[in-house]
Amino acid sequence: MIYLDHNATTPVDPRVVEVMLPLFTERFANPASKHAPGQEATRIVERARREVASLAGARPREVVFTSGATEAANLAIGGVLATAEPGRRRILVGATEHPAVLGAADAAVSAGSAVSADSATAAERIAVHPDGTIDVDDLRRRLGPDVALVAVMAANNETGAVNDPRPLVEAARSAGALLLCDVTQALGRIPVEFERTGVDLAVASAHKLYGPKGVGALIASKDAWPRLAPRVHGGGQERGLRAGTLNTAGIAGFGAAARIAAESMADDGTRQRALVALLTELLAKRLGPGAVELNGPVRARLPNTVNLRFVGAGADEVQACAPRVAISAGSACSGGGDEPSHVLLAMGRTATEARESLRFSLGRATTTEEIRAAADLVARAVLRVRSLSQSTPIQDEVRDDNRALRTA
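Residues numbered from 1 in each chain as written. Predicted model: local features only at pLDDT ≥ 70, side-chain atom pairs only at ≥ 80, totals over all residues. Heavy atoms only, no water.

> What am I meant to see in the sheet that holds strand 3 (residues 90–94) here?
Strand pairing within a sheet occurs via backbone hydrogen bonds; the two strands may be parallel or antiparallel. The seven strands lie next to each other as 2-8-7-6-5-3-4, forming an open sheet whose pairing is mixed. The two strands at the open ends of the sheet, each matched to only one other strand, are strand 2 (63–66) and strand 4 (124–126). Shown here is a sheet whose adjacent strand axes are inclined to one another by a mean of 20°, direction ignored. Two elements, strand 6 (residues 178–182) and strand 7 (residues 201–205), share three bridges in a ladder whose sense is parallel. (Pairing = 2+ DSSP bridges. Helix = DSSP H or I, 4+ residues; strand = E, 2+ residues; numbered from the N terminus. Axes fitted to C-alpha atoms, helices over the stretch in contact; angles between N-to-C directions.)

Structural data, given as structure tokens:
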């Protein structure tokens, strides 16, 4: 298997596993306990907090550990709306946001509509340009004194499109709104400078950067912290913002993965960008002019990601004809339905074009040999799908007969 779906998840780095293993059996104490083993667990958690904060360009006190980016997004969005003033309850979200953010935003707004009949029932979408980057002018037009929160991701999980947070911060602050930035795909792949850019809230997940599943983080600035209400209540862990016994092993793994990513990010990015260019070149050469189209920016893109449309070949069929290559037709968190990608539709692609598109996301261990082999296998699959989908008059006649029988 050639695994080119690292935006869905990554393998846990063996060095991360090495850090985690003793915390399951030998150093297993609860960090909330006051005895010596508990205090040792606390030190482990705080070291990981520093490592995650360092990678994100934040301060350790701004990091709240959660079960993943989805919980972090719900805490950020629901927490802000729970404390918002009655006249400030609108939420604006990028049209290409991850389902975790879109779902959390819609749910929070819908809950607010139960209190006020005049409230909207879904978060308002901000348009994107054809390359998938956010339309800042559209954001500015939608902003007003009734907006509590703006949510725009740092890098898109399907196309790799990277957004500059600085104009977004400026626009949101001009209206008194907070800016939430989903850095899940960006963290560990490109520099993230939470404090320097002035972002108010950010969410991330360990399993996208060779850490374990089931652990993530909300990063909240000192100005945003008072505007958050907890969503999970109980023992008051994480400075009262997220109750529950801390996942010490997972958190330590997150910290180790963040430290390793900080050390290898530049080299990984340079190598992966070259491999993505090679993959695109090989596919275009094999399939011919006009047969492969890029979805997303040419340059402002994650170094490991490319989303390509194969004209005339359905993505599901191409995947079925290339079973040795693990690639994706959309987000792994979109519910598993057969609807076309909401990301590509928001970028102006038709449903047919979206269904002919596949995401390739490379990893730290991806090799040149794998890329050459994957390009060959995918190209063969595309050609096969195209040949099978070409209709002849006889095939059309049989199809019409079958349709008539079903109707009868």
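After presenting the structure, the write-up continues.
> Mind showing me how you'd approach the packing of helix 9 (residues 248–287) against helix 13 (residues 368–389) here?
When two helices pack together, their arrangement is captured by the angle between the axes and the distance separating the axes. In contact at an axis separation of 9 Å, helix 9 and helix 13 are set at 35° when each is read in the N-to-C sense. Judged by the twist between their axes, the crossing of helix 9 over helix 13 is right-handed. Contact residues: helix 9 offers Leu-275, Leu-278, Leu-279, Leu-282, Leu-283, Arg-286 and Leu-287, while helix 13 offers Thr-368, Ile-371, Arg-372, Ala-375, Asp-376, Val-378, Ala-379, Arg-380, Val-382, Leu-383 and Arg-386. In terms of residue class, the contact of helix 9 with helix 13 is made up of 12 nonpolar, one polar and five charged. (Left-handed = near helix turned anticlockwise from the far one by under 90°. Contact = heavy atoms within 4.5 Å. Nonpolar A, V, L, I, M, F, W, Y, C, P; charged D, E, K, R; others polar.)

> Can you walk me through the pairing of strand 10 (residues 305–310) in this structure?
One face of the sheet, then the other: side chains in a regular strand alternate in exactly this way. Burial of strand 10 is extensive: six of the six residues sit out of reach of the surface. The side-chain alternation of strand 10 yields two buried faces, one formed by Thr-305, Asn-307 and Arg-309 and the other by Val-306, Leu-308 and Phe-310. Note that strand 9 (residues 292–295) and strand 10 share four bridges and pair antiparallel. Following the sheet pairing, Leu-294 is matched in strand 10 by Leu-308. Summarising the sheet, strand 10 and strand 12 (residues 357–361) pair through five bridges and their orientation is antiparallel. What sits directly across from Thr-305, in strand 12, is Ser-361. (Buried < 20%, exposed > 50% of the residue type's maximum accessible area, 1.4 Å probe, protein only.)

> How do you make sense of helix 9 when you look at a structure like this?
Since the α-helix advances by 3.6 residues per turn, residues separated by three or four positions end up pointing in the same direction. With 40 residues, helix 9 should cover 58 Å at 1.5 Å per step; its first-to-last C-alpha distance of 49 Å lies more than 12% under that length. The axis of helix 9 is deflected most strongly, by about 60°, at Ser-264. One or two positions beyond helix 9, positive phi appears at Gly-288, with a value near 95°. (Expected span 1.5 Å × (residues − 1). Bend = angle between axes of the 7 residues up to and from the residue.)

> In this structure, what is going on with the nonpolar core? I would like to understand it.
In globular proteins that are soluble, nonpolar side chains generally tend to be buried together. In this structure, Phe-65, Leu-139, Leu-143, Val-150, Val-183 and Phe-254 are the most contacted members of the largest nonpolar core, which totals 62 residues. Here this core gets nine residues from one element, more than from any other, and that element is helix 9. Setting aside residues no more than four positions away along its own chain, Val-183 makes contact with Ala-154, Val-192, Ala-202, Val-203 and Ala-204. (Core = buried A, V, L, I, M, F, W, Y, C linked by side-chain atoms within 4.5 Å.)

> Got a minute to help me understand the pattern of salt bridges in this structure?
Side chains carrying opposite charge are able to pair once their charged atoms draw close together. According to the stated counting rule, one finds 27 salt bridges in the structure shown. With its nearest N and O atoms 2.8 Å apart, the salt bridge here joins Asp-5 to Arg-359. Of this pair, Asp-5 sits in the loop between strand 1 (2–3) and helix 1 (14–20) while Arg-359 sits in strand 12, and the two are 354 residues apart along the sequence. Taking the shortest distance from any N to any O, the salt bridge between Arg-309 and Glu-356 comes out at 2.8 Å. A residue pair is termed long-range when its members are at least 10 positions apart, and Arg-309 in strand 10 and Glu-356 in the loop between helix 12 (351–354) and strand 12 qualify at 47 residues. This pair shows no difference in class: Arg-309 is buried, exactly as Glu-356 is. Residues joined by salt bridges that share partners form a network here, namely Arg-90, Glu-124, Asp-138, Arg-141, Arg-142 and Asp-146. (Salt bridge = Lys/Arg side-chain N within 4 Å of Asp/Glu carboxyl O.)

> Just checking my understanding: could you explain the pairing of strand 8 (residues 216–220) for this structure?
Extensive coverage of strand 8 is indicated by the burial of five of its five residues. Judged by which residues are buried, strand 8 turns out to be covered on both faces: Gly-216, Leu-218 and Ala-220 on one side and Ala-217 and Ile-219 on the other are all buried. Of the strand pairs in this sheet, strand 2 and strand 8 are connected by four bridges, and their pairing is antiparallel. Looking at strand 8, one finds that Thr-66 is bridged to Gly-216. By the bridge criterion, five bridges tie strand 7 to strand 8 in an arrangement that is antiparallel.

> Explain the layout of surface pockets here, please?
Which parts of space are left empty comes out when a probe the size of a water molecule is rolled across the atoms. In this structure, the second largest pocket encloses a volume near 320 Å³. Together, 17 residues line the second largest pocket, and Asn-163, Pro-165, Ile-190, Pro-191 and Val-192 are the ones closest to its centre. Here the lining of the second largest pocket is composed, by residue class, of 12 nonpolar, two polar and three charged. (1 Å grid on protein atoms, 1.4 Å probe; cavity = no way out; pocket = protein on both sides within 12 Å on 5 of 7 lines; lining within 4 Å. Points joined across faces, edges and corners; volume = space filled by probe spheres on them.)

> Hey, could you run me through unusual backbone geometry in this one?
It is generally the case that most residues other than glycine have a negative phi and that most peptide bonds are trans. Despite not being glycine, Tyr-210 has its phi angle at roughly 70°, a positive value. Mapping Tyr-210 onto the fold places it in the loop between strand 7 and strand 8. Residue classification places Tyr-210 among the buried positions, given a relative accessible area of 12%. In the Ramachandran plot, Glu-238 falls in the positive-phi region, its phi being about 55° despite a non-glycine side chain. Structurally, Glu-238 is set in the loop between strand 8 and helix 9.

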